[in-house]
Amino acid sequence: FFFTSPYTMPKIKNYHYTKLNTDITLDNYTLQIGRWEWAQENNIMEVELNLEKENYTIFSTFKYSVNVRPTTQNCKVKQIYIDDNFLILQIINLPNDFTELALTITAIQENGDNSNNTSECKVYTNCDKVVKVDKIKTLNKNDYIKNRLKRLIKEYNQEIQKTNELINKNNAEIDKLNGE
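Residues numbered from 1 in each chain as written. Predicted model: local features only at pLDDT ≥ 70, side-chain atom pairs only at ≥ 80, totals over all residues. Heavy atoms only, no water.

A.B. asks: Before we go on, may I ask you to explain the overall build of the protein chain in this structure?
C.D. replies: Secondary structure assignment for the protein chain yields 1 helix and 9 strands. Element order for the protein chain, N to C, with α for helix and β for strand: β-β-β-β-β-β-β-β-β-α. Each of the 180 residues in the protein chain was classed as buried or not, and the buried ones make up 38%. When contacts within the protein chain are restricted to residue pairs at least 6 apart in sequence, long-range pairs at least 24 apart make up 66% of them. Here the protein chain displays about 11600 Å² of accessible surface, and carbon together with sulfur accounts for 48% of that area. (Helix = DSSP H or I, 4+ residues; strand = E, 2+ residues; numbered from the N terminus. Buried < 20%, exposed > 50% of the residue type's maximum accessible area, 1.4 Å probe, protein only. Contact = heavy atoms within 4.5 Å. Areas by Shrake-Rupley, 256 points an atom, 1.4 Å probe, with all protein chains shown as cover.)

A.B. asks: I tried to follow unusual backbone geometry on my own but got confused; where do I start?
C.D. replies: For the peptide bond that leads from Arg 69 to Pro 70, omega is 10°, which places it in the cis range. Along the polypeptide, Pro 70 turns up in the loop between strand S4 (61-69) and strand S5 (76-82). A positive phi angle is found at Asn 21, which is not glycine, with a value near 60°. Along the polypeptide, Asn 21 turns up in the segment before strand S1 (24-26).

A.B. asks: What should I look at first to understand the sheet that holds strand S8 (residues 116-126) in this one?
C.D. replies: Neighbouring strands of a sheet are bound in pairs by backbone hydrogen bonds; such pairs are parallel or else antiparallel. What the 3 strands build is an open sheet, ordered S4-S7-S8; its pairing is antiparallel. A strand with exactly one partner marks an edge of an open sheet, and here the two such strands are S4 and S8. Between one strand axis and the next, the sheet turns by 15° as a mean value, whatever way the strands run. Of the strand pairs in this sheet, strand S7 (residues 100-110) and S8 are connected by 11 bridges, and their pairing is antiparallel. Its bridge partner being in S8, Ile 105 is matched across the sheet by Cys 121. (Pairing = 2+ DSSP bridges. Axes fitted to C-alpha atoms, helices over the stretch in contact; angles between N-to-C directions.)

A.B. asks: Explain the side chain of Ser 119 here, please?
C.D. replies: Relative to the helices and strands, Ser 119 is located in strand S8. Ser 119 gets classed as buried once you look at its relative accessible area, which sits at 15%. Once you skip the residues sitting within four places of it in the chain, Ser 119 turns out to touch Leu 26, Asp 27, Ile 105, Thr 106 and Ala 107.

A.B. asks: What's the story with the side chain of Asn 126 in this structure? I'm lost.
C.D. replies: Positionally, Asn 126 belongs in strand S8. In terms of polar contacts, Asn 126 uses its side chain to reach the backbone amide nitrogen of Asp 128, at 2.8 Å. In contact with Asn 126, not counting residues within four places along its chain, are Tyr 15, His 16, Tyr 17, Phe 98, Thr 99 and Glu 100. (Polar contact = N/O pair within 3.5 Å; in protein donor to acceptor, adjacent residues only side chain to side chain.)

A.B. asks: Help me understand the layout of surface pockets in this model?
C.D. replies: Its boundaries defined by the atoms lining it, the largest pocket holds a volume of some 180 Å³. Along the walls of the largest pocket sit Arg 35, Glu 37, Glu 46, Glu 48, Lys 135, Ile 136, Lys 137, Leu 139, Asn 147, Arg 148 and Arg 151, which together make up its complete lining. Of all the secondary-structure elements, those providing two or more residues to the lining of the largest pocket are strand S2 (29-39), strand S3 (44-53) and helix H1 (141-179). (1 Å grid on protein atoms, 1.4 Å probe; cavity = no way out; pocket = protein on both sides within 12 Å on 5 of 7 lines; lining within 4 Å. Points joined across faces, edges and corners; volume = space filled by probe spheres on them.)

Rendered as structure tokens:
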């Protein structure tokens, strides 16, 4: 019952999907999904999450769990890399027939009095939106950082291009109005 509960993964005909680069609040953090990649051949999905601290509260640990539809196969979430700006997760044993995936991220702050504060959020992807790749290979720290920076530069350049096109369109409209 718990796995299929609408509280775990809301049931709707359209698949759920958390948009890339959209702010997600997790207590004192703002998260953004940088990428979802799935290598069906080796049943691994890799997730890159951008981290931004809202203040100096530092959570000592993050914990992860995953629910997959339509199967009850037990997938494992493995934290591959983490620093102050981003983290890399791999979801292992992802079934080939998955349609939706809900990743739960729990931040745990250990207090000095042997108590914990926790905060939780869920992010979603599906078989239509995830980027399919041939193979996912675990990289070293420098390669993850280089790949992230290359992806960010590409995204920034695309934004610059869109902004320049909008500027040109608006300038053309201004010229047209000035000519009337």
